[in-house]
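Secondary and tertiary structure notes
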Amino acid sequence: MSVKANIHNDAPLLEVKNLETAFDIDGKYYNAVDGVSFKVNRRQVLGVVGESGCGKSVMSLSIMKLLPKGIGKIGNGEVVFEGRNLENLSEREMNKVRGKDISMIFQEPMTSLNPVFTVGFQVQEALFNHMKISKKEARMKSIALLKSVGISRPEKIVDEYPHQLSGGMRQRVMIAISIACQPKLLIADEPTTALDVTVQAQILELLKEIQEVNDMSIILITHDLGVVAEMCDEVVVMYAGRIVERTDVETLFYNPKHPYTELLMGAIPKLDEEVEELSSIKGIVPSLKNMPEVGCRFANRCPKAMPECMEITPKLAETDKGHEVACLLYESSKPAEGMNV
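Below you will find a few notes about this structure. Just so you know, the residues in each chain are numbered from 1, in the order the chain's sequence is written. Residue-level local features of this predicted model are given only where pLDDT is at least 70; pairs of side-chain atoms are given and counted only at 80 or more, and the full residue set underlies all totals for whole chains, interfaces and linings. Side-chain metrics rest on all non-hydrogen atoms present in the structure, leaving aside hydrogens and water.

**Considering the overall build of the protein chain**
Definition in use: In this text, helices come from DSSP runs of H or I with a minimum length of four residues, and strands from runs of E with a minimum of two, each type numbered from the N-terminal end. Radius of gyration: C-alpha atoms only; globule rule: 2.2 Å multiplied by the number of residues to the exponent 0.38. Throughout this description, buried means an accessible area under 20% of the type-specific maximum (1.4 Å probe, protein chains only), exposed means over 50%, and partly exposed covers the range between. The accessible surface values rely on the Shrake-Rupley method and a 1.4 Å probe; as for residues, cover is taken only from the protein chains in view.
Each helix and strand in the protein chain was counted, giving twelve helices and twelve strands. For 341 residues, the compact-globule estimate of 2.2 N^0.38 gives 20 Å, and the protein chain sits close to it at 21 Å. For the protein chain, the C-alpha atoms occupy an extent of roughly 65 × 50 × 50 Å along the three principal directions. Burial analysis of the protein chain (341 residues in total) assigns 47% to the buried set. Total accessible area on the protein chain stands at roughly 17,500 Å², and carbon and sulfur atoms take up 51% of it.

**Considerations on the pairing of strand β7 (residues 185–189)**
For a regular strand, side-chain orientation follows a simple rule: the groups alternate between the two sheet faces. This is how it is decided: A pair of strands is labelled paired if DSSP reports no fewer than 2 bridges between them. Handedness rule for crossovers: strands pointing away from the viewer, path from the first strand over the helix to the second running clockwise, crossover right-handed.
Burial of β7 is extensive: five of the five residues sit out of reach of the surface. Neither face of β7 is left uncovered, since the one carrying Leu185, Ile187 and Asp189 and the one carrying Leu186 and Ala188 both have all their residues buried. Pairing of strand β6 (residues 102–105) with β7 involves four bridges; the strand directions are parallel. When the sheet's bridge partners are listed, serine 103 is paired in β7 with leucine 186. Handedness of the crossover is the feature at issue here: the chain leaves β7, passes through helix α9 (residues 197–214), returns alongside strand β8 (residues 217–222), and the resulting connection is right-handed.

**Brief notes about the side chain of glutamine 124**
Where we set the bar: Residue contacts are counted whenever heavy atoms from the two residues lie within 4.5 Å of one another.
Mapped onto the secondary structure, glutamine 124 falls in helix α5 (residues 119–130). Glutamine 124 has contacts with Lys135, Ala138, Arg139 and Ser142, leaving out every residue within four places of it along the chain.

**What to know about the nonpolar core**
The condition that has to hold: To form a nonpolar core, buried Ala, Val, Leu, Ile, Met, Phe, Trp, Tyr and Cys residues must be joined to one another through side-chain atoms within 4.5 Å.
With 94 residues, the main nonpolar core has Leu14, Phe38, Ile175, Ile219 and Tyr260 as its most contacted residues. Looking at this core, the element that brings in the most residues is α9, giving six residues. Contacts of leucine 14, omitting those with residues within four sequence positions, involve Phe38, Lys39, Val40, Ile63, Val79, Val80, Phe81, Leu185 and Ile219.

**Description of the pattern of salt bridges**
The line we're drawing: The term salt bridge refers to a pairing of a side-chain nitrogen on Lys or Arg with a carboxyl oxygen on Asp or Glu at a separation within 4 Å.
Per the stated rule, a full pass over the model turns up 16 salt bridges. Aspartate 34 is the partner of arginine 242 in a salt bridge, and the nearest nitrogen-oxygen pair spans 3.3 Å. On the criterion of sequence distance, the pair formed by arginine 242 in strand β10 (residues 242–248) and aspartate 34 in strand β2 (residues 28–40) is long-range, its members being 208 residues apart. Given a relative accessible area of 15%, aspartate 34 falls into the buried group. Through salt bridges with shared partners, a single ionic network connects Arg42, Glu82, Asp101 and Lys184.

**Thoughts on α5**
Residues of α5 that are buried include every one of Val119, Gly120, Gln122, Val123, Gln124, Ala126 and Leu127, and no others. Tucked into the core, α5 has its buried residues touching α6 (135–148), α7 (154–157) and α8 (167–178).

**So, the sheet that holds β6**
Working definition: the strands of a sheet are paired by backbone hydrogen bonds and lie parallel or antiparallel to each other. Threshold: Here an angle of 0 to 180 degrees is reported between the N-to-C directions of two axes, which are lines fitted to C-alpha atoms, with helices fitted over the stretch in contact.
A sheet is described by the order of its strands in space; here eight strands give the open sequence β6-β7-β8-β3-β9-β10-β12-β11, paired in mixed fashion. Edge strands, defined here as strands with exactly one partner in the open sheet, are β6 and β11 (317–320). On average, adjacent strands in this sheet sit at an angle of 20° to one another, irrespective of strand direction. Note: strand β9 (residues 234–239) against β10, six bridges, orientation antiparallel. Residue pairing for β10: glutamate 234 is matched across the bridge by aspartate 248.

**So, a nonpolar patch on the surface**
For clarity, the threshold we go by: Here a patch means residues that are over 30% exposed by relative accessible area and free of salt bridges, tied together within 9 Å if like-charged and within 5 Å if nonpolar (Val, Leu, Ile, Met, Phe, Trp, Tyr).
Together, Val116, Phe117 and Phe121 line one region of the surface with nonpolar side chains, adding up to about 270 Å² of accessible area. Mapping valine 116 onto the fold places it in the loop between α4 (109–112) and α5.

**A word on the layout of surface pockets**
Heads up, the condition is: Lining residues are defined by having an atom within 4 Å of a point belonging to a cavity or pocket. Those points lie on a 1 Å grid over the protein atoms alone, cavities being sets where a 1.4 Å probe fits but cannot get out and pockets being open sets with protein on both sides within 12 Å along at least five of seven lines. Grid points are joined across faces, edges and corners, and a volume is the space filled by probe spheres set on the points. Polar here means any residue other than Ala, Val, Leu, Ile, Met, Phe, Trp, Tyr, Cys and Pro, which are nonpolar, and Asp, Glu, Lys and Arg, which are charged; Gly is therefore polar.
Taken as a whole, the largest pocket encloses approximately 620 Å³ of empty space. Contributions of two or more residues to the lining of the largest pocket are made by α3 (91–97), β6, α5 and α8. Counting residues per element, the lining of the largest pocket draws most heavily on α5, which supplies six residues. Among the residues forming the lining of the largest pocket, the class breakdown is 13 nonpolar, nine polar and three charged.

Here is the structure:
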């Protein structure tokens, strides 16, 4: 084992503690992320799954401190990276962390890449931000990075503009930018959205290779459980801004415990079954303004809901070793007598 692998080996790389992120709607703040806690260990791939509107992307933007100014704010909690609480850092200090220590691949490569600058300029910008490097060295490194993410003819592509590339190639450029300074943590927000199946598989394989070569940790945000099965070590299931289940990937697929997770699993098409219609989860995720103040937020969509589910807020607690669930079907999730947390 290398010396690098031994440094703080037992400490988590990232620890999110009781994170609350709120948005201003008509002069009042509503929590889009509500009391979320989790850890990411070194060289681990953590999957974050849930429907659109569950708070997955907001959580990632909170970690990066990229919330829209004047609208979004972190109301409570800590984001601790290598022992430092990122919430205490100034914008200047945070700029040294972004791209170098923690990097992010955003959902839409066409809107994330600047249309008026060449691909090479945008890769080099990441290098100039964190390295003392000449223009010639930066160009050569940019070409090498484009080649490392599987782009053919990188010497030509480096001088092209985003609109001249396919969706898959733009996503590869985004990955090249995100790994330019060899970050310790990569947040990938729906990295395969809007790509065809073949390209999706190539991008996932590329991320796995990069993670293994660079000893990098990844937070993979997705609604695709097939991607989770392919990539992740542990999984966090989010619903309406809260974590409802957390365990390792194998346990999640073979022994899901929260009714929401069970329904997500049931919506996956199976090759060995012929069905006329895929199962779906009735209803929609509540909007921020209509979020229930007490009770389980999934109760009105849950086929196993009991009357107390509307009145008692379940706590995320261990049902088996390493398997946490927030559901009143399990005794451990029930708050102490007289408490409704």
